[in-house]
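Coordinate inspection notes
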Amino acid sequence: MITVKDLHKSFGSNEVLKGINAEIKEKEVVCVIGPSGSGKSTFLRCLNLLEEVTSGDVIIQGDNLTDPKININKIRSRVGMVFQHFNLFPHKTVLENITIGPIKVKGMKKAEAEKVARPLLEKVGLSDKADAYPESLSGGQKQRVAIARSLAMEPSIMLFDEPTSALDPELVGDVLEVMKDLAKEGMTMVVVTHEMGFAREVGDRVLFMDEGVIMEEDLPEKLFGDPQNPRTQEFLSKVL
Amino acid sequence: MEFITESHYYRVMPFLLEGLVWTLLITFVGLIIGFVLGAIFGFARLSKNKLIYGIATVYVEAVRGTPILAQILFIYFGLSDLMGVNIDKITASIIAIAINAGAYIAEIVRGAVYSIDKGQEEAGRSIGLTRNQTMRYIIWPQAFRRMIPPLGNQFVISLKDTSLFSVIAVGELLYMGQQYYGMTFQAFQALTMVCVMYLIITVPTAIYLRRVERRLDV
């Protein structure tokens, strides 16, 4: 579903990604872990071209994102993204946050878009917040709205960029719960996370990134239970 | 009653009200055009295209780096001289306010758009909105709210700047006051009332803006 070939990304003279190869299959949940500065967020952001790719290929459902003729807006509407800091639109209500994509990108009528949005709000447990503005929500609620906003586009892939890192510890659970449900429903997910428990429990596969490369990848039980690479061992000994 | 109607504070008023109409007209029309200029050049200042950015920067810096009095004289006398036509005084005044305020508004627009968190654009783009849609539906509405206080401030500045047009004999508020004391030699009374008229507009505006600012703060 996603194929990444020899992906390089530099910011000026600073090479952040130094040749990433990865394959993500349909309905797979892949968790990306690693120390900060390892390039894991940059890698994720290259998957919907929020970062321009310096060289290499990112192929999503047959479309090569590095092809200059590609309509990136179309692809982005199929690839949902959830951010660390939620990035909800503060001047719009919760419902409007969710419907703006379907209305403006898919050309749905307002009523039609709301029919899509309301079940999603229910799914993330926030039906009563439809008319609230984001500033009145807690961090965990904001993130669940952000997930609903992405889902409203009916994406075939969801990217999560440290979705719980900005949350108070007691709010993390609700967000992870929603993500778990998504995984169960068969959503293809790439999750950059520091939640090792989530990676172990929900992930089908875990990628360990450091210094701009994937150092090790394996099934969660293997990577966490018996890491082979010394860098992985060192990292896990610090975080677990 | 006679005491009041006989006083110069009172008798200057018909002059000043006529002047005020012109002052407000020049300010409003000038600022509407200035806002359009400001929006265009403000976005140009955000452009990655070096040429567009360069042109906008020259405009903004040229206007901000020269006195408005020189600008109005330049437009009224300089351009007339260059093109060999007479520009109407009011038109020249409106152009002067528009060009002058346009440069400052360009900086207001640039600053406001720039101040919106980068994550807003990323979120918009990530659900598939185009660049333009993201600007229109996500960035601009938020930026515009932040522009209201500085725009109000610019309104007060431009309103006061119109007094400079008295040098080309535009019949605005200050000029009309001058006309009055030119005939009556009652400069104190006339100028007191001129200032009162400015304050009647500027003080409520300032109070209103402070309220808006406080509301935007939360």
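Source: prediction; values computed, not measured.

**A look at the UniProt feature "domain: ABC transporter" (unreviewed entry) in chain A**
The positions that UniProt labels "domain: ABC transporter" (unreviewed entry) are, in the present scheme, residues 2-236 of chain A. Along residues 2-236 of chain A one finds 37% helix and 26% strand; the C-alpha atoms at either end are 27 Å apart.

**Focus: the pairing of strand S10 (residues 213-218) of chain A**
All names here are of chain A. Here strand S9 (residues 205-210) runs beside S10; their pairing, made up of 5 bridges, is antiparallel. Looking at the pairing, Val-206 lines up with Asp-218 of S10. Between S9 and S10, which follow one another and run antiparallel, lie 2 residues, and Glu-211 among them has a positive phi close to 50 degrees.

**Observations concerning the pattern of salt bridges**
All names here are of chain A. Throughout the structure, instances matching the rule amount to 21 salt bridges over all chains. A salt bridge links Arg-78 to Asp-63; the shortest N-O distance between them is 3.1 Å. Separated by 15 residues along the polypeptide, Arg-78 in the loop between helix H2 (72-76) and strand S6 (79-82) and Asp-63 in strand S5 (residues 63-64) bring together distant segments of the chain. A relative accessible area of 25% places Arg-78 in the partly exposed class.

**Quick notes on the interface of chain B and chain A**
Facing 18 residues of chain B, the contacting portion of chain A comprises 22 residues. Summed over both sides, the interface between chain B and chain A buries roughly 1,700 Å², with carbon and sulfur atoms accounting for 59% of that surface. When the buried area of chain B at its contact with chain A is split by residue, Glu-122, Ser-126 and Ile-127 of chain B rank highest and sum to 34% of it. Taken together, the connections running from chain B to chain A amount to 1 salt bridge.

**Concerning the packing of helix H7 (residues 118-126) of chain B against helix H8 (residues 131-161) of chain B**
All names here are of chain B. For the pair H7 and H8, interaxial distance at closest approach is 9 Å and the crossing angle is 140 degrees. Taken together, the axes of H7 and H8 are oblique relative to one another. Handedness of the H7/H8 crossing: right-handed. Seen from H7, the contacting residues are Gln-120, Glu-121, Gly-124 and Arg-125; seen from H8, they are Arg-131, Thr-134, Ile-138, Ile-139 and Gln-142. In terms of residue class, the contact of H7 with H8 is made up of 2 nonpolar, 4 polar and 3 charged.

**Here's the deal with the sheet that holds S10 of chain A**
Residues and elements named next belong to chain A. In space, the 6 strands of this open sheet follow the order S6-S7-S8-S3-S9-S10, with mixed pairing throughout. Edge strands, defined here as strands with exactly one partner in the open sheet, are S6 and S10. Pairwise comparison of adjacent strand axes, ignoring direction, gives a mean angle of 20 degrees for this sheet. Lying on the sheet, helix H5 (residues 139-151) is in contact with S6 and strand S7 (157-161); it crosses S6 at an angle near 170 degrees. Docked against the sheet, helix H9 (residues 230-239) engages strand S3 (29-33), S9 and S10, running at close to 100 degrees with respect to S9.

**Remarks on the environment of Glu-23 of chain A**
Residue and element names in this part refer to chain A. Along the chain, Glu-23 turns up in strand S2 (residues 14-24). Between the alpha carbons of Glu-23 and Met-1 there is a distance of 7.6 Å; along the sequence they are 22 residues apart. Other than its neighbours up to four places away in sequence, Glu-23 contacts Met-1, Ile-2, Thr-3, Glu-28 and Arg-205. Among the polar contacts listed, one links the side chain of Glu-23 to the side chain of Thr-3, at a separation of 3.1 Å.

**With respect to the nonpolar core**
Ranked by size, the top nonpolar core spans 49 residues in total, and within it Ile-33, Ile-147, Met-158, Phe-160, Met-179 and Met-189 of chain A carry the most contacts. With sequence-adjacent residues up to four places away left out, Ile-33 of chain A is seen in contact with Lys-40, Thr-193, Met-196, Val-206, Leu-207, Phe-208, Met-209, Leu-223, Phe-224, Phe-235 and Leu-236 of chain A. Counting residues in hydrophobic clusters, the runner-up holds 39 residues, among them Ile-24, Ile-60 and Val-79 of chain A together with Ala-123 of chain B.

**Concerning the sheet that holds strand S1 (residues 2-11) of chain A**
Residues and elements named next belong to chain A. On the basis of which strands lie adjacent, the open sheet formed by 4 strands has the order S2-S1-S4-S5 and antiparallel pairing. Sheet topology places S2 and S5 at the edges, where each strand pairs with a single neighbour. Two strands pair when backbone bridges link them, and S1 and S2 are joined in this way by 8 bridges, in the antiparallel orientation. Its bridge partner lying in S2, Val-4 is registered against Ala-22.

Calculation notes
- Residues numbered from 1 in each chain as written.
- Chains lettered and ligands numbered in written order.
- Predicted model: local features only at pLDDT ≥ 70, side-chain atom pairs only at ≥ 80, totals over all residues.
- Heavy atoms only, no water.
- UniProt positions renumbered as here; feature names shortened; annotations may be inferred.
- Helix = DSSP H or I, 4+ residues; strand = E, 2+ residues; numbered from the N terminus.
- Pairing = 2+ DSSP bridges.
- Salt bridge = Lys/Arg side-chain N within 4 Å of Asp/Glu carboxyl O.
- Buried < 20%, exposed > 50% of the residue type's maximum accessible area, 1.4 Å probe, protein only.
- Contact = heavy atoms within 4.5 Å.
- Buried area = accessible area lost by both parts, 1.4 Å probe.
- Axes fitted to C-alpha atoms, helices over the stretch in contact; angles between N-to-C directions.
- Parallel < 35°, antiparallel > 145°, perpendicular 65-115°, else oblique.
- Left-handed = near helix turned anticlockwise from the far one by under 90°.
- Nonpolar A, V, L, I, M, F, W, Y, C, P; charged D, E, K, R; others polar.
- Polar contact = N/O pair within 3.5 Å; in protein donor to acceptor, adjacent residues only side chain to side chain.
- Core = buried A, V, L, I, M, F, W, Y, C linked by side-chain atoms within 4.5 Å.

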